[in-house]
Amino acid sequence: MSYIPGQPVTAVVQRVEIHKLRQGENLILGFSIGGGIDQDPSQNPFSEDKTDKVNGWDMTMVTHDQARKRLTKRSEEVVRLLVTRQSLQKAVQQSMLS
Amino acid sequence: MQDRLHILEDLNMLYIRQMALSLEDTELQRKLDHEIRMREGACKLLAACSQREQALEATKSLLVCNSRILSYMGELQRRKEAQVLGKTGRRPSDSGPPAERSPCRGRVCISDLRIPLMWKDTEYFKNKGDLHRWAVFLLLQLGEHIQDTEMILVDRTLTDISFQSNVLFAEAGPDFELRLELYGACVEEEGALTGAPKRLATKLSSSLGRSSGRRVRASLDSAGGSGSSPILLPTPAVGGPRYHLLAHTTLTLAAVQDGFRTHDLTLASHEENPAWLPLYGSVCCRLAAQPLCMTQPTASGTLRVQQAGEMQNWAQVHGVLKGTNLFCYRRPEDAHTGEEPLLTIAINKETRVRAGELDQALGRPFTLSISNQYGDDEVTHALQTESREALQSWMEALWQLFFDMSQWKQCCDEIMKIETPASRKPLQALAKQGSLYHEMAIEPLDDIAAVTDILTQREGARLETPPPWLAMFTDQPALPNPCSPASVAPAPAWTHPLPWGRPRTFSLDAVPPDHSPRARSVAPLPPQRSPRTRGLCSKGQPRTWLHSPV
């Protein structure tokens, strides 16, 4: 069963809130992002988290550049993400068994 | 006062019924009667309601009924006026100039409606106290037809309001205006909320005397928004839930597309309104339209068509004009059995049709020719009809088709798929919707354990097979043109300093001879011709995996 890119998808997500850090003149988050719908996912060395929303902005259909811009807005000190990861499904399954 | 209003109400109903009868418009009359009965039922239900959720559903039905009654009344008045002024009334013996061409009707379907919300900081994560909830639904109007979506309970853990309904309007013209209205009401009793505007309103009602004060407030609040004029159709239950118009927009043919689009919403209420919701200001949806000329045959009959390249050999076929094609079947039955036609001629905006010119050259009367341009070549098909009348009727059908295509524009490029909406379950039991997000308070480090704990306390669906969204994580994407959401990698940036300043993009597939990290973003390789895809993945196979610090 596969999902079709471009179609809405329902997933188990986790909410993460990050306060940006100050480094010199800039506010940074302290990690890197990779991918975007204009990127080739088979070259992804990590297959950890996927970001669905940033501060209310939809991230499921963005290019790499758009994603980077939404995370690095100068005016925002706090970033709220909705993130999905594979291990969330395991957590759901474990809870069903017990 | 109450009695007077009852009398007024009865008189109004009587007037409406009389008007419907006098017009002998049986269909509209039947619809009106139905709505009036529904309204009476909703009023009784509302009076008998004990629970807030039931009252909300009943009030919603009442609002929809009122809107429909008003809209049908408006339509009746229009028709009555037209009849009195003698503008309508088909006189079959009229032999004047032909009526102006009118475009064919179509089906318009709106689905996958989603309205994003924008919660302020204070509401979003803190305030784990009582969950303030709203009941919202959409009212959609096209012409005199009004439909509603299901009612959804919204609280601050939701990022969007998503409606599952598909709403279909069957008799739309290309100049349609689809008005979308979002109504909201507080789930909790309005008196329970604190806030200056509420206090003012309470003071107003108590100083004028409770029932008349409330009515005054109702009439003050009812500006705009259909279905809320208290004088014509007064709301019977005083103190019940009240829906307020939160936002509206109007969609037309320009907004129709076979895909999702975002449109602006005009916000109609402000923070003082008790039912105010922090709307982001837009609505996403899929608005599709199927003109009848695309789905129904517009002409059919016997034709003789010249076989390609063979001057003398004219085959007799059964032609069917449907959508952007003229199908020529060997036999009339083939059109229904799904047999492949002998020949298909494309008819689109660029096609040129001429009648009679080739008569002399071919020695065959009553011919028409259809020419299409394919690249540098022009392909012309000559078709002979049976008689002068047949030729005229084919030409008329073709002109009508060209006219329809010019009116329906992008809807005639390809047939847009419309799913017949499934009937909704009436009055679903509205259990208090707890939200997983509201219950979660996850510390970053022990997230999995916390999720497991919370989930063990909830009953959920059995998940035998992996849900589809997990496919996003498989190594081999199933489709040739994979797209994935932006991924977050764990933080390598902590271990070595990177030039922060303006974040730059690095590419992980840097070509081997050049080992220095490039400071500028890398353009992907020239795109190959890939099959037509929707949305943003249309530049061909992506070749890079860009990676940026943020």
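One can find the structure itself at the top, above this paragraph.
Predicted model only: the values in this text are computed from it and were never measured.

A. Highlighting the overall build of chain A. Broken down by element type, chain A carries 2 helices and 7 strands. From first element to last, N terminus to C terminus, chain A shows the α and β order β-β-β-β-β-β-α-β-α. Counting all 98 residues of chain A, 50% fall into the buried class. Put simply, 75% of the contacts in chain A that link residues at least 6 apart link residues at least 24 apart. In the form shown here, chain A has an accessible surface area of approximately 4,800 Å², with 49% of it arising from carbon and sulfur atoms.

B. View of the overall build of chain B. Scanning chain B from terminus to terminus reveals 12 helices and 21 strands. Looking at chain B residue by residue over its 550 residues, the buried ones come to 44%. For chain B, the accessible area works out to roughly 31,200 Å², and carbon and sulfur atoms hold 53% of it.

C. Focus on the sheet that holds strand β16 (residues 352-355) of chain B. All names here are of chain B. Within the open sheet, the 7 strands sit side by side as β15-β14-β13-β12-β18-β17-β16. Their pairing is antiparallel. In the strand order of this sheet, the two ends are held by β15 (343-346) and β16, each with one partner. Averaged over all pairs of adjacent strands, the angle between strand axes in this sheet comes to 35°, irrespective of strand direction.

D. Representation of the pattern of salt bridges. Residue and element names in this part refer to chain B. In this structure the tally under the stated criterion is 17 salt bridges over all chains. One salt bridge in this structure joins Glu 181 and Arg 179, with 2.7 Å as the shortest N-O distance. Among the ionic pairs, Asp 334 bridges to Arg 331, the shortest N-O distance being 3.0 Å. For Asp 334, a relative accessible area of 3% gives the class buried. Arg 331 gets classed as partly exposed once you look at its relative accessible area, which sits at 46%.

E. Here's a closer look at the packing of helix α2 (residues 26-48) of chain B against helix α3 (residues 52-85) of chain B. All names here are of chain B. Orientation of α2 relative to α3, taken along the N-to-C sense of each, is 155°, at an axis distance of 9 Å. Taken as axis vectors, α2 and α3 run roughly antiparallel relative to one another. Relative to α3, the crossing made by α2 is left-handed. Here the residues of the contact of α2 with α3 are counted per class, giving 15 nonpolar, 3 polar and 6 charged.

F. Representation of the pairing of strand β13 (residues 314-322) of chain B within the structure. Residues and elements named next belong to chain B. Of all 9 residues that make up β13, 7 are buried, and the element is covered over most of its length. Pairing between strand β12 (residues 297-306) and β13: 9 bridges, direction antiparallel. Each bridged residue has a counterpart across the sheet, and for Thr 302 the counterpart in β13 is His 318. Bridge count for β13 against strand β14 (residues 325-329) is 5 bridges, and the pairing is antiparallel.

G. Broad picture of unusual backbone geometry. Residues and elements named next belong to chain B. Non-glycine residue Asp 112 carries a positive phi angle of around 50°. The residue Asp 112 is located in strand β1 (residues 106-116) in this model. A positive phi angle is found at Lys 409, which is not glycine, with a value near 45°. Here Lys 409 lies in the loop between α10 (388-408) and α11 (436-439). For Lys 409, a relative accessible area of 49% translates into the label partly exposed.

Conventions we followed
- Residues numbered from 1 in each chain as written.
- Chains lettered and ligands numbered in written order.
- Predicted model: local features only at pLDDT ≥ 70, side-chain atom pairs only at ≥ 80, totals over all residues.
- Heavy atoms only, no water.
- Helix = DSSP H or I, 4+ residues; strand = E, 2+ residues; numbered from the N terminus.
- Buried < 20%, exposed > 50% of the residue type's maximum accessible area, 1.4 Å probe, protein only.
- Contact = heavy atoms within 4.5 Å.
- Areas by Shrake-Rupley, 256 points an atom, 1.4 Å probe, with all protein chains shown as cover.
- Pairing = 2+ DSSP bridges.
- Axes fitted to C-alpha atoms, helices over the stretch in contact; angles between N-to-C directions.
- Salt bridge = Lys/Arg side-chain N within 4 Å of Asp/Glu carboxyl O.
- Parallel < 35°, antiparallel > 145°, perpendicular 65-115°, else oblique.
- Left-handed = near helix turned anticlockwise from the far one by under 90°.
- Nonpolar A, V, L, I, M, F, W, Y, C, P; charged D, E, K, R; others polar.

Structural measurements only, silent on function.
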